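As a plain string of letters, each chain reads:
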Amino acid sequence: TPFIGLSIFKIPAISYGYAVAVLGFMAIFTNSVLFPFYATDILHIDPVRTGLLMLPFPVALAVSSPLSGLLSEKYPARLITTAGLGMTVTGLLMFSFMDGTTSFFYIALAQLIAGCGSGTFQVPNNNTVISAAPRNKVGIVSSVNALARNAGMIMGIALSVAVYAMVQNHLAAGGASAENAFLGGYRAAMLFGAAAAVAGGILSAKRD
């Protein structure tokens, strides 16, 4: 009597949805830990302004989530999910180009695009997974969907920090300044997140 019946993974919409959720949340959370250090160590701004620069992300997330839910009632969910991951890629690529002279407007715009991508991606993907669940498995499918999201968050934070540390240490050992070593590691972490979002977008586009 398995706690999680593995038969649910035989349903393509569910298995694809879980994989897309893991990759999508990995991408979304690559910047969550590193950005405050960028703001403090590279831009040399105080915590209040750092928080204000991070604010566009949750605001865009709150606005785009219900809109994507409405759109998913009229258009195929995979198109909306893929578009959301495309916006996430755009936002992360914008983060990867930042340095010590980047304007606050540019940073806010990148946060806004990434937040829109996150909100646009999440709701249709969740709906796809839950709507494909057999009636007697809805609870389990929903629980594993939450597990996929949390696994993506944890992996996104852990792996992005690992990528950052590896590149930053390599550059510092090669004689790079502390700022250049940080920026090199930060860019590598953002590119890692963008790659995860691209992989999620490909899987999303392939599903029925």
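Quick note: structure is the one above.
Throughout, a residue's number is its position along its own chain's written sequence, starting from 1. Per-residue local features of the predicted model are confined to residues with pLDDT of at least 70, and side-chain atom pairs are confined, for both listing and counting, to 80 or more; whole-chain, interface and lining totals are unaffected and use all residues. Based on all heavy atoms of the structure, the side-chain values leave hydrogens and waters out of the count.

## Thoughts on the overall build of the chain
Phase 1: For the chain, the helix and strand inventory stands at eight helices and zero strands.
Phase 2: Secondary structure elements of the chain, listed N to C terminal, follow the sequence α-α-α-α-α-α-α-α.
Phase 3: For the chain, the C-alpha radius of gyration of 18 Å lies close to 17 Å, the compact-globule estimate for 208 residues.
Phase 4: Taking the principal axes of its C-alpha atoms as reference, the chain extends roughly 60 × 35 × 30 Å.
Phase 5: Burial analysis of the chain (208 residues in total) assigns 43% to the buried set.
Phase 6: Excluding contacts between residues fewer than 6 apart, the proportion of contacts in the chain whose partners are at least 24 apart in sequence is 80%.
Phase 7: Total accessible area on the chain stands at roughly 10000 Å², and carbon and sulfur atoms take up 71% of it. For the purposes of this entry, the term helix denotes a DSSP run of H or I that reaches at least four residues, the term strand denotes a run of E that reaches at least two, and both are numbered from the N terminus. Taken over C-alpha atoms, the radius of gyration is set against a globule rule of 2.2 Å times the number of residues to the power 0.38. Summary of the burial criterion: residues with accessible area below 20% of their type's maximum are buried, those above 50% are exposed, and those between are partly exposed, where the area comes from a 1.4 Å probe applied to protein chains only. What makes two residues a contact is simply this: any of their non-hydrogen atoms within 4.5 Å. Throughout, the Shrake-Rupley method with a 1.4 Å probe supplies accessible areas, and for residues the shown protein chains are the sole cover considered.

## What about the packing of helix H3 (residues 47-54) against helix H6 (residues 104-131)?
When two helices pack together, their arrangement is captured by the angle between the axes and the distance separating the axes.
Phase 1: To get an axis, fit a line to the C-alpha atoms, keeping to the stretch in contact for a helix; angles then go from 0 to 180 degrees between the N-to-C directions. Between H3 and H6, whose axes approach to 8 Å, the crossing angle comes to 45°. The angle between H3 and H6 falls in the class oblique. Here Arg49, Leu53 and Met54 of H3 lie close against H6, whose contacting residues are Phe104, Ile107 and Gln111.
Phase 2: Each residue is assigned to one class: nonpolar for Ala, Val, Leu, Ile, Met, Phe, Trp, Tyr, Cys and Pro, charged for Asp, Glu, Lys and Arg, and polar for all the others, Gly among them. Its residues assigned to classes, the contact of H3 with H6 shows four nonpolar, one polar and one charged. An angle below 35 degrees is treated as roughly parallel, one above 145 as roughly antiparallel, one from 65 to 115 as roughly perpendicular, and anything else as oblique.

## Some details on the pattern of salt bridges
Phase 1: Between Lys or Arg on one side and Asp or Glu on the other, a salt bridge is scored when a side-chain nitrogen of the former is within 4 Å of a carboxyl oxygen of the latter. In the structure shown here, the tally under the stated rule is one salt bridge.
Phase 2: A salt bridge links aspartate 46 to arginine 49, with the shortest nitrogen-to-oxygen separation between them at 3.2 Å.

## Looking at the nonpolar core
Phase 1: Joining through side-chain atoms within 4.5 Å is the link that ties buried Ala, Val, Leu, Ile, Met, Phe, Trp, Tyr and Cys residues into a set, and such a set is a nonpolar core. Of all hydrophobic cores here, the largest spans 44 residues; its most connected members are Tyr18, Phe35, Tyr38, Phe95 and Tyr186.
Phase 2: Going through the elements one at a time, helix H1 (12-28), helix H2 (34-41), helix H5 (77-96), H6, helix H7 (138-173) and helix H8 (178-206) are the ones with two or more residues in this core.
Phase 3: If you tally residues by element for this core, the top one is H1, at ten residues.

## So, the environment of alanine 83
Phase 1: As for its position among the elements, alanine 83 is in helix H5.
Phase 2: On a C-alpha basis, the gap between alanine 83 and threonine 120 in space is 7.5 Å, while along the polypeptide they are 37 residues apart.

## Notes on the side chain of asparagine 31
Phase 1: Its place among the elements puts asparagine 31 in the loop between H1 and H2.
Phase 2: When residues no more than four places from it in sequence are discounted, the contact partners of asparagine 31 are Pro36, Phe95, Gln111, Tyr186 and Met190.

## Remarks on the environment of phenylalanine 182
Phase 1: Among the structural elements, phenylalanine 182 can be located in helix H8.
Phase 2: If near-sequence neighbours (up to four positions away) are discounted, phenylalanine 182 is found in contact with Leu34, Phe37, Tyr38, Asp41, Ile42, Tyr164 and Gln168.

## With respect to the side chain of asparagine 125
Phase 1: Residue placement: asparagine 125 occurs in helix H6.
Phase 2: Ignoring sequence-local partners within four residues, the contact set of asparagine 125 consists of Gly17, Val20, Ala21, Thr81 and Arg207.

## Considerations on a nonpolar patch on the surface
Phase 1: Only residues whose relative accessible area exceeds 30% and that take part in no salt bridge are eligible for patches, with like-charged residues grouped when within 9 Å of each other and nonpolar side chains (Val, Leu, Ile, Met, Phe, Trp, Tyr) grouped when within 5 Å. On the surface, a nonpolar cluster with roughly 660 Å² of combined accessible area is contributed by Val48, Leu52, Leu55, Val59, Val63, Leu67 and Leu70.
Phase 2: Broken down by secondary-structure element, the contributors of at least two residues to the nonpolar patch are H3 and helix H4 (56-72).
Phase 3: For the nonpolar patch, the element with the highest residue contribution is H4, accounting for four residues.
Phase 4: Turning to its location among the elements, valine 48 is positioned in helix H3.

## Side note on the packing of H3 against H4
Phase 1: Look at H3 against H4: their axes get within 5 Å of each other, and the N-to-C directions meet at 25°. The pairing of H3 with H4 is recorded here as roughly parallel in orientation. Along the contact surface, H3 presents Leu52, Leu53 and Met54, while H4 presents Pro56, Phe57 and Pro58.
Phase 2: Counted by class, the contact of H3 with H4 contains six nonpolar, no polar and no charged residues.

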